[in-house]
Amino acid sequence: MIWSVISMVLLVGAVGIGVFLYKSVELPEPTTEGIEIPPPDEINLTPSQRAATRFIPLAGLLFTVQVLLGGLLAHYYVERHAFFGVEEVFGVHIVEALPFALAKTFHLDLGILWIATLWLGAGLFLPPLLTNHEPERQRTYIHVLLGALIVVAVGGLAGVWLGSQGYIDGELWWIIGNEGLEYLEVGRLWQVGLLVGFVLWTGLVYRGFKPMLEREARFGLAHMIIYAGGSIGLLFTAGMFYTPQTNIVMTEFWRWWVVHMWVEGAFEFFIVAVVGITLVSMGLLRKRSAEKAVAFQALFVMGSGVIGASHHYWWIGQPDVWLPLGTIFSTLELIPLILILFEAMGQYRALATSGETFPYTLPFMFIIASGFWNFLGAGVLGFFINLPIVNYYEHGTYLTVGHAHAAMFGAFGFLALGMATYMLRISTVPSKWSERRLRWAFWLWNVGLAVMVFVSVLPVGFLQLETAFTETYGAARSLAFYNGELIQLLFWARLPGDTLLILGTVVFAYDMVKKRFTLRDVSDPTDSLGETTIPDRLMAEDDD
């Protein structure tokens, strides 16, 4: 209780300081007034950019499989031996082929994979757009990276399944099979492959941004993208610091360095960097303004997130001091997310005044949705469950599930989807471009996520928290609790939201594949495009 009160006091004080500092640096809001925005068909499409769009249908496939597994997992809570009465498919028992633990593993890993796939593609698409520079053989190297990603994804997931079924035994079980650590289940070989992929991606992005990197300061937008992307790979190396012989406390310590340092640090850093550089490319922010905003928000995100991740340490056997210290800094992570919400509100005002001629309305909507769900899922719900008095009782309950879905898909997922939409808006033949299906997907996702979180998941979580308070933590996680009449009703209430999410994903995946066949022809990046092009604005010495 004492540490919870301290968290609240520090939060209130930090909110005031954060808002004061945010206003004191006078960061302009996005605007469409007075800026000429080149139509998508007047922007060069380079060979490497066309190659980068191949990441999109792969992500659509991974995303579709993930949400289908999510629906199966949700249904297992009400019918544990079948799926709507169906126990076998082509003679294979569903529960035997995909038991709950294995389906959950695939659901979690696929969520990371499809978001990472779109982020990788976007990171490779942006450099030529912003510099008009096409490095030699960039297209070939992008195809190599895409092929490596497919091999690692298929090999890693296959190894998890084969290992769980007993087909991989002996010394190879953790090398190519299933390490058994949540979020890091894939074998060590596949993890090394992912790390090599991160390094290759960072190198390719560096090659693409080289003209900007040579002319801007070290806190410039291109540098921030390199720092943010590189930090994701750097933190992933922590997953290499343990073996099956390592003490479980140290193993879990390094695992959380990967998992939560990603979502509370590197991922948030990447979000503010990508949103900043994307708004500049859309013509909604000037480069100097975006650099100030990104640097300011990244400082807050990394400053609170790195220490905030330590609230997991107490649960893995570390000293008691980490629980209050980590939870206090975790609650302070609400501050940068409030600032991101301010940015989203400013972006919305810019969108509302943009008029019908603004060509990037739909990807802009995804960016706004990302900021909203980031604040709600990571900020509000993250703040609530990280209060020491709450975190002690709710750890691992459905409150965590609600926080995770709203933060991971709502924040990181919507940004990835927005970047995919932006890439295709530029790459598609103008006469073949249609937003209808993507708008349907956008609203199906938003409404579906809201229904799932607020109608089903959070009510179950609050009932679990009450049970943990009044009875025991074990009672809150027991089969008797989940079989309760009200809880079962709330599980069924999740069905409409899950259905909308699945429909939105299927519509998106179909549209992504269809648009792949309507891409513009590539052009020479050295062709003259006029004075209002994106590189002209970014490469200027002073854009104020």
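Residues numbered from 1 in each chain as written. Predicted model: local features only at pLDDT ≥ 70, side-chain atom pairs only at ≥ 80, totals over all residues. Heavy atoms only, no water.

Caption draft 1: Quick peek at the overall build of the protein chain. Helix and strand content of the protein chain: 22 helices and 2 strands. The contacts of the protein chain with a sequence gap of at least 6 include a subset with a gap of at least 24, amounting to 82%. When the accessible area of the protein chain is evaluated, it comes to approximately 22500 Å², of which 67% is carbon and sulfur surface. (Helix = DSSP H or I, 4+ residues; strand = E, 2+ residues; numbered from the N terminus. Contact = heavy atoms within 4.5 Å. Areas by Shrake-Rupley, 256 points an atom, 1.4 Å probe, with all protein chains shown as cover.)

Caption draft 2: Region of the structure containing the layout of surface pockets. Each pocket or cavity is described by its volume, and for the second largest pocket that value is around 580 Å³. Along the walls of the second largest pocket sit 33 residues, with L113, A116, L149, L194 and F198 positioned nearest its centre. The set of elements that each furnish at least two residues to the lining of the second largest pocket consists of α5 (100–131), α6 (138–164), α8 (188–215), α9 (221–236) and α10 (248–282). Tallying contributions element by element places α8 first for the lining of the second largest pocket, with 9 residues. When its residues are assigned to classes, the lining of the second largest pocket shows 26 nonpolar, 6 polar and 1 charged. (1 Å grid on protein atoms, 1.4 Å probe; cavity = no way out; pocket = protein on both sides within 12 Å on 5 of 7 lines; lining within 4 Å. Points joined across faces, edges and corners; volume = space filled by probe spheres on them. Nonpolar A, V, L, I, M, F, W, Y, C, P; charged D, E, K, R; others polar.)

Caption draft 3: Up close: the nonpolar core. Ranked by size, the top nonpolar core spans 143 residues in total, and within it W114, W119, F209, W262, F414, L417 and W445 carry the most contacts. Per element, the largest residue contribution to this core is 20 residues, and it comes from α10. In this structure, W114 is in contact with A59, L62, F63, Q66, F409, G413, A416 and L417, ignoring residues within four places of it in sequence. (Core = buried A, V, L, I, M, F, W, Y, C linked by side-chain atoms within 4.5 Å. Buried < 20%, exposed > 50% of the residue type's maximum accessible area, 1.4 Å probe, protein only.)

Caption draft 4: Spotlight on the confidence of the model for the protein chain. Looking at the protein chain as a whole, the pLDDT averages 82, with 83% of positions reaching at least 70. In the predicted structure, residues 528–532 sits below a pLDDT of 50 and forms 9 contacts with residues beyond four places in sequence or in another chain. (pLDDT = per-residue confidence, 0-100.)

Caption draft 5: Local environment of the pattern of salt bridges. Summed over the entire model, instances satisfying the criterion amount to 7 salt bridges. D511 is the partner of R437 in a salt bridge, and the nearest nitrogen-oxygen pair spans 2.7 Å. With R437 in helix α17 (residues 436–470) and D511 in helix α21 (residues 495–515), the pair connects residues that are 74 residues apart, well separated along the chain. For the salt bridge of R494 with D498, the shortest nitrogen-to-oxygen distance reads 3.1 Å. We classify R494 as buried; its relative accessible area is 9%. A relative accessible area of 9% places D498 in the buried class. (Salt bridge = Lys/Arg side-chain N within 4 Å of Asp/Glu carboxyl O.)

Caption draft 6: Expanded view of α8. The terminal C-alpha atoms of α8 lie 40 Å apart, and with 28 residues this matches the ideal 40 Å at 1.5 Å per residue to within 8%. Along its length, α8 reaches its greatest deviation from straightness, about 65°, at F209, and the proline P211 lies no more than four positions downstream. (Expected span 1.5 Å × (residues − 1). Bend = angle between axes of the 7 residues up to and from the residue.)

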